[in-house]
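As a plain string of letters, each chain reads:
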Amino acid sequence: MMKRIFFVLSCCCIVFFASCSDDDHFSADQSLMLTFPSDTIRMDTVFSRVPSSTRSFWVHNYSSDGIRISEVLLERGGESGFRVNVDGSYLSNVITDLEVRKGDSLMVFVELTASENGSVEPQHVTDNLVFRLESGRVQHVCLSAYSWDALTMHDVTVSSDTAICSVQPIIVYGTLTIAEGATLSLQNTSLFFHDGAGMEINGTLHADSCLFRGDRLDRMFSYLPYDRVSGQWRGLHFACGSRNNILTRCEIRNPSDGILCDSTSQLQMHDVVVHNCQGVGLKAVNASVSLSYCRLSNTMGDCLIAEGGEMDINRCTLAQFFPLIGSTQVAFRFSNKADLVLLCDSTLMTGYAEDVIFGNEVDTLHSYEYYFADCILRTSAVDDTLRFQRVIWEKPADTVQGTKHFRLVDINNMRYDFRLDSISPAYQLGIGRAE
């Protein structure tokens, strides 16, 4: 019996050591190669002098024997700005003597901080990550990205009338403040706000053909660009008494709250898009706000809120299709916390929920005047011909309703095209924002 047990144990040991020996065998055969996920690792566009996010990929050995790597290096010696870590070792100049057993792999991490390139347009930045094998064979994977020169602002206060028209993007860190009595005029300018940055308007803002968005140009995940991620910056805040603000042909993307208007502030918006907010799209508290040909879409809070004041809405689209939206967020919410005068004409208000419009008289001491004409409203029909004239009441049972008004609403990939589809009654009647 003991001899039989000894024989079995001996066989197991032989198999074990044979397998270990097989796994530890390395070959200098030039036919053996490493396998990369692609011949090019493409990173996203980054701003010059701003570190990118980290990309990673595996280097596999699917060969029948182990492979020794004599050297790993960057072909341009780091001049390109790429930084690499291979299998836990930072590549400062060259990494030597790595082993990859058969069936095993190495993890590679890549970052980029590109130098300024002196060009208005994004410039291509490349380098080759070179693997010299013990066999003498040389393999490489190309690292590719685009670098974009940008100007920067750090907690800037505009204290006198100032005009900016910049072909280069501007990265805003901290707060861009417009002091009381000062006017900032922006034209054909793109402002990219760093995490936590925002604008405080105590004076006056005039913006024509401008972009306001977060400064991440890369991706959170391979399928999800940061441009589709809300809450990246604070948004625009028009303080109490801010006057004569005008936004024309502008786009405000992925902030926390898009626009906040304090009491008695004044704002006119024409052909403006506010999209993908982690909070509200636009909230006006006893302010004077005029919206024409605007779109407010996809907000975790309400798309548009009027708490008293004067609000004029003309040929706008309010589309509430924020992913994972709860039942309390609507396209439009209004009340008379202060005297309210609301005029809404030729506007489409729709969304996922069965009712996306909520009006509430909260104070009988304040006036509560509101009028809707020639609109499509996704809410229960109201028998009030004085306040609602020629209104189409959208119902969930309608053939064309909700997402079907638009060319694309892809919630899984967070892709949206809010141009009206030709089958939409809004398109046929000329209601909503023409894009």
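Residues numbered from 1 in each chain as written. Predicted model: local features only at pLDDT ≥ 70, side-chain atom pairs only at ≥ 80, totals over all residues. Heavy atoms only, no water.

Before going further, it helps to spend a moment on the overall build of the protein. Within the protein, the regular secondary structure consists of two helices and 40 strands. Here the protein has a C-alpha radius of gyration of 30 Å; the compact-globule value for 435 residues is 22 Å, and the former is much larger. With respect to the three principal axes, the spread of C-alpha positions in the protein is 100 × 60 × 40 Å. Put simply, the protein has 435 residues, and 48% of those count as buried. The contacts in the protein between residues at least 6 apart in sequence include a share of 54% that link residues at least 24 apart. Accessible surface for the protein amounts to roughly 20600 Å². Of this, 50% is attributable to carbon and sulfur atoms. (Helix = DSSP H or I, 4+ residues; strand = E, 2+ residues; numbered from the N terminus. Rg over C-alpha atoms; globule rule 2.2 N^0.38 Å. Buried < 20%, exposed > 50% of the residue type's maximum accessible area, 1.4 Å probe, protein only. Contact = heavy atoms within 4.5 Å. Areas by Shrake-Rupley, 256 points an atom, 1.4 Å probe, with all protein chains shown as cover.)

Further remarks concern the sheet that holds strand E19 (residues 211-214). The strands making up a sheet are joined through hydrogen bonds of the backbone, oriented either antiparallel or parallel. One open sheet accounts for 11 strands, arranged E10-E13-E16-E19-E24-E27-E29-E31-E33-E36-E38; its pairing is parallel. Of all strands in the sheet, those bounded by a partner on one side alone are strand E10 (151-154) and strand E38 (392-393). Of the pairings in the sheet, the one linking strand E36 (residues 376-377) to E38 comprises two bridges and is parallel in character. In the sheet register, Ile 376 faces E38, and the bridge partner there is Ile 392. (Pairing = 2+ DSSP bridges.)

With that settled, consider the environment of Phe 322. Inspection of the secondary structure puts Phe 322 in the loop between strand E31 (317-320) and strand E32 (332-345). The exposure class assigned to Phe 322 is buried, which follows from its relative accessible area of 8%. For the pair formed by Phe 322 and Leu 348, sequence separation is 26 residues and the distance between their alpha carbons is 17 Å. With residues up to four places along the chain from it excluded, the contact list for Phe 322 reads Ser 230, Asn 276, Cys 277, Asn 298, Thr 299 and Met 300.

Let us look at the pairing of strand E27 (residues 273-277). Among the five residues that make up E27, five are buried, leaving the element largely enclosed by the rest of the structure. One ladder, built from three bridges, connects strand E24 (residues 251-253) with E27; its direction is parallel. What sits directly across from Glu 251, in E27, is Val 273. Note: E27 against strand E29 (residues 295-299), four bridges, orientation parallel. In the sheet register, Val 273 faces E29, and the bridge partner there is Arg 295.

By the secondary structure assignment, Arg 295 is in strand E29. Of the polar contacts made by the side chain of Arg 295, one reaches the side chain of Ser 297; its length is 2.7 Å. Not counting chain neighbours up to four residues away, the residues in contact with Arg 295 comprise Val 272, Val 273, Val 274, His 275, Thr 317, Phe 418, Arg 433 and Glu 435. (Polar contact = N/O pair within 3.5 Å; in protein donor to acceptor, adjacent residues only side chain to side chain.)

Turning to the confidence of the model for the protein, a few remarks are in order. When pLDDT is averaged along the protein, the result is 92; 94% of the residues meet or exceed 70. Across residues 1-21, confidence stays below pLDDT 50; counting only partners more than four residues off in sequence or on other chains, it has zero contacts. (pLDDT = per-residue confidence, 0-100.)

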